[in-house]
Amino acid sequence: MSALLPLAVGAPALAGIAVLLAPARRLRSGGAHAAAAGSLLGLALTVALAVDVLGGGPVTWTPGGSPDGPGLLADRVSVLLLLLVLGVSAVVQAYTARYLCGDPRQRRLVVTAAGTTTAAAAMVGAATLTVLAAAWCAAGLGLLALLAQRADLPAARVGLQRTARTFAIGDLALLAAVAIVLATAGDPSLRDPGAAAAALDTATVAGVDAATLVACLLVLAAIARSALLPLHRWLPATLAAPTPVSALLHAGLVNAGGILLVRLAPLVDASALALGLAFAAGAATAVHGTALMLTRPDVKGALAHSTVGQMGFMVLACALGAYAAALLHLVAHGMYKATLFLGSGSVVHADKRRAVAARPGPRGVRWAPPVRLAAAALVPAVAIAAAFLTYAADLLDHPGTLVLVAFAWATAAHAAHAWLTSTPGRPLLGLAAVAAACLAYTGLITGADALLAPALPDPGATVSAWFALVPAAVLAAGLPVLRSRRGAQLSARLYVRALEAGRTAPRPRRDPALARRAHAPVVTRPPRVRDGALDDRSTTHHDAPRSVPA
């Protein structure tokens, strides 16, 4: 079964090569259907690998047959991520056949997307650190090539430049970390990266602890690739790319930072400074991206900032040691965001139809505000408590996962309150849906933890779960103030600041000549009269309005 692994990873690239070598007159829809077939073939082979991995354990493939050489690894985590990457690629390529039909750049985009898919698949299925770093850089270059498809647009050029600069920072950080690990512990296998972490404990680089330096460099690489603060501006600037590129980017490629932190968790956990950096960047990005998402008036802009917030939440979960929950969010976000981007055009048309159609007012008896608040808070809490008492008792041993469940309760309570406020005629239906969602979410986290536990590293030193109370306390204290009468002015100012922070286009440069002209004094001369008529040659300074006689 190990021979299926390179075929599954390389199937999209082989399909892309076939499309590139085929005569243009023989291709239909730019070869997108052939590229989609290559991704579907890789997906089918991955399903066969999944059956083997679940039954017999991890599968390793190396070119020379050496068990310790660079190659590919298929365990429960990598198989799950391979299913995500290849599945999203197949859907996106099939969508490209219709979306870019007749576009002269369609064939180039299809071939580039196929190569990028193989690079991303090799990254999630890497068996050693060097293979992961090489695939990481190849996926980044492939993404830059995809963004360059519309380099004729000024907005696309701005996004390409920002992405290239940010990726250069992250890739250099990763390559520096890899060089330190290779010089200290050799090329470690990703089946047991803890051995490399133990070798780094006693090493120093220029007087600095090697373990701390490597961990901080890995976190910096994850921050750059996953668009976390302060290196987040490249992702919203890529909205000028074609919709298939945006779907492939937001559904798979931007998740590379979380994958890196999960795969190399023993190296990152060796430094409390690196964990604190990851937690701080993730928490700040989650709040920042969500706030900007709520203020964006355009569909793709809101989706882009939503991805930024979700990437912050994923890295926050990794810093708390909740690796199974982070992977669950990663996969769910990938499928959800790909669907939203591919259907963004339909959303715009649906909003236009809803704006034209008449909306009936709410019917039914509204519950009193204290009753709405109590019901919205108690129903999700009772559902989560019932899950803990029945099938999710194991989650009580993971403090980091409990923090994520607390976030889920807050989200469910907000959704229930919004339903009770906007739809007073059907309160029980909304509360039942919220309770079912809480039960399902808790069950999914429990199932993911049980399924992926054999392939996940044991969380070592992690950030204390109590630190998550800091952003929660800020939100709990800030929201009532913003909704009060005294906080209305502050809320309006924050809204304007959020709109300004979400700007993706560069600020226009001011022309010094125009600035001097705008601030120059206006001098108006009285009109001259010749032979009882107004002389049109009356002069004014800087096109100032002429005075008209009474």
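The model shown is predicted, which means the values in this text are computed figures rather than measured ones.

Across its full length, the protein holds 21 helices and six strands. Taking all 550 residues of the protein together, the buried fraction comes to 46%. Taking the contacts inside the protein whose residues are at least 6 apart along the sequence as the reference set, 75% of them involve residues at least 24 apart. Summing over all exposed atoms, the protein offers an accessible surface of approximately 26700 Å²; the carbon and sulfur share of this is 66%.

A complete count under the given rule lists three salt bridges for this structure. Salt-bridge contacts for Arg-263 lead to Asp-75; the nearest nitrogen and oxygen are separated by 2.9 Å. Of this pair, Arg-263 sits in helix α10 (residues 256-263) while Asp-75 sits in the loop between β2 (72-74) and α3 (76-99), and the two are 188 residues apart along the sequence. Take Arg-263 and Asp-75: they sit in the same class, and that class is buried.

Our next topic: unusual backbone geometry. Residue Pro-230 is bonded to the preceding Leu-229 through a cis peptide linkage, with omega at 5°. Among the structural elements, Pro-230 can be located in the loop between α8 (210-225) and α9 (243-251). Backbone geometry at Ala-227 places phi at a positive 60°, although glycine is not the residue there. In this structure, Ala-227 sits in the loop between α8 and α9.

Of all residues in the protein, 80% attain a pLDDT of 70 or more, and the chain-wide mean is 81. The least confident element of the protein, judged by mean pLDDT, is strand β6 (residues 533-534) at 47; the most confident is helix α5 (residues 129-147) at 94. Taken together, the stretch residues 534-550 has pLDDT below 50 and engages in 27 contacts with residues farther than four places along the chain or on a different chain.

It is the contact of α10 with helix α13 (residues 299-319), at a shortest axis distance of 9 Å, that shows an interaxial angle of 5°. By the angle between their directions, the pair α10 and α13 is classed as roughly parallel. Counting all contacts with α10, which are made through Gly-258, Leu-261 and Val-262, the residues of α13 involved are Met-314, Val-315 and Cys-318. Across the contact of α10 with α13, the residue classes tally to five nonpolar, one polar and no charged.

Our focus in this paragraph is the side chain of Thr-243. Note on placement: Thr-243 falls in helix α9. Within the local environment of Thr-243, its side chain forms a polar contact with the side chain of Tyr-99, the two groups lying 3.2 Å apart. In this structure, Thr-243 is in contact with Tyr-95, Tyr-99, Lys-300, Phe-341, Leu-342 and Ser-344, ignoring residues within four places of it in sequence.

The end-to-end C-alpha distance of helix α1 (residues 4-21) is 25 Å, a good match for the 26 Å that 18 residues give at a rise of 1.5 Å each. The largest bend along α1 reaches roughly 50° and is located at Gly-10, with the proline Pro-12 sitting one to four residues downstream. Among the residues making up α1, those that are buried are Leu-5, Ala-8, Val-9, Gly-10, Ala-11, Pro-12, Ala-15, Gly-16 and Val-19. In this structure, the buried side of α1 is in contact with α2 (32-56), β1 (59-61), β2, α3 and α4 (106-124).

Here the second largest pocket is characterised by a volume of approximately 300 Å³. Residues that form the lining of the second largest pocket fall into these classes: ten nonpolar, two polar and five charged.

To continue, consider a nonpolar patch on the surface. A cluster of nonpolar residues, Leu-14, Ile-17, Leu-20 and Leu-21, forms a patch on the protein surface that exposes about 440 Å² of accessible area. Within the fold, Ile-17 resides in helix α1.

Tracing the sequence through the fold places Thr-118 in helix α4. Residues in contact with Thr-118, not counting those within four places in the same chain, are Val-9, Gly-10, Pro-12 and Ala-13.

Look at α9 against α13: their axes get within 11 Å of each other, and the N-to-C directions meet at 15°. Of the possible angle classes, the one that applies to α9 and α13 is roughly parallel. The way α9 lies across α13 gives a crossing that is left-handed. Between α9 and α13, the residues in contact are Thr-243, Ser-246 and His-250 and Lys-300, Leu-303, Ala-304 and Thr-307, respectively. When grouped by side-chain class, the residues that make up the contact of α9 with α13 number two nonpolar, four polar and one charged.

This part covers the packing of aromatic side chains. If you walk through the whole model with that rule in mind, you get three aromatic pairs. Geometrically, the ring pair formed by Tyr-95 and Tyr-99 is stacked, given 5.3 Å between the ring centres and 20° between the ring planes. Placement of both Tyr-95 and Tyr-99 in helix α3 is noted, with a separation of four residues, approximately one turn of the helix. According to the relative accessible area criterion, Tyr-99 is partly exposed, its value standing at 40%. Centroid distance Phe-313 to Phe-407: 5.6 Å. Interplanar angle 85°. Geometry classified as edge-to-face. Residue Phe-313 is located in helix α13, and its partner Phe-407 is located in helix α17 (residues 399-422); the two are separated by 94 residues in the primary sequence. Judged by relative accessible area, which is 14%, Phe-313 ranks as buried. Here Phe-407 falls in the partly exposed class, since its relative accessible area comes to 27%. Over the face of the ring belonging to Phe-167 we find Arg-225, whose NZ or CZ atom lies 4.4 Å from the ring centre.

Our next topic: the nonpolar core. By size, the foremost hydrophobic cluster in this structure holds 135 residues, and its most contacted members are Trp-136, Leu-174, Leu-200, Leu-218, Trp-234, Leu-260 and Leu-456. If you tally residues by element for this core, the top one is α8, at twelve residues.

For helix α18 (residues 427-452), which comprises 26 residues, the first-to-last C-alpha distance of 38 Å matches the rise-based estimate of 38 Å (1.5 Å per residue) to within 8%. Listing the buried residues of α18 in full gives Pro-427, Gly-430, Leu-431, Val-434, Ala-435, Cys-438, Tyr-441, Thr-442, Ile-445, Thr-446, Ala-448 and Leu-452.

Scoring rules and cut-offs
Residues numbered from 1 in each chain as written. Predicted model: local features only at pLDDT ≥ 70, side-chain atom pairs only at ≥ 80, totals over all residues. Heavy atoms only, no water. Helix = DSSP H or I, 4+ residues; strand = E, 2+ residues; numbered from the N terminus. Buried < 20%, exposed > 50% of the residue type's maximum accessible area, 1.4 Å probe, protein only. Contact = heavy atoms within 4.5 Å. Areas by Shrake-Rupley, 256 points an atom, 1.4 Å probe, with all protein chains shown as cover. Salt bridge = Lys/Arg side-chain N within 4 Å of Asp/Glu carboxyl O. pLDDT = per-residue confidence, 0-100. Axes fitted to C-alpha atoms, helices over the stretch in contact; angles between N-to-C directions. Parallel < 35°, antiparallel > 145°, perpendicular 65-115°, else oblique. Nonpolar A, V, L, I, M, F, W, Y, C, P; charged D, E, K, R; others polar. Polar contact = N/O pair within 3.5 Å; in protein donor to acceptor, adjacent residues only side chain to side chain. Expected span 1.5 Å × (residues − 1). Bend = angle between axes of the 7 residues up to and from the residue. 1 Å grid on protein atoms, 1.4 Å probe; cavity = no way out; pocket = protein on both sides within 12 Å on 5 of 7 lines; lining within 4 Å. Points joined across faces, edges and corners; volume = space filled by probe spheres on them. Patch = residues over 30% accessible without salt bridge, like charges linked within 9 Å, V, L, I, M, F, W, Y side chains within 5 Å. Left-handed = near helix turned anticlockwise from the far one by under 90°. Phe/Tyr/Trp six-rings, centres within 6.5 Å; stacked < 30°, edge-to-face > 60°. Lys NZ or Arg CZ within 6 Å of the ring centre and 35° of its normal. Core = buried A, V, L, I, M, F, W, Y, C linked by side-chain atoms within 4.5 Å.

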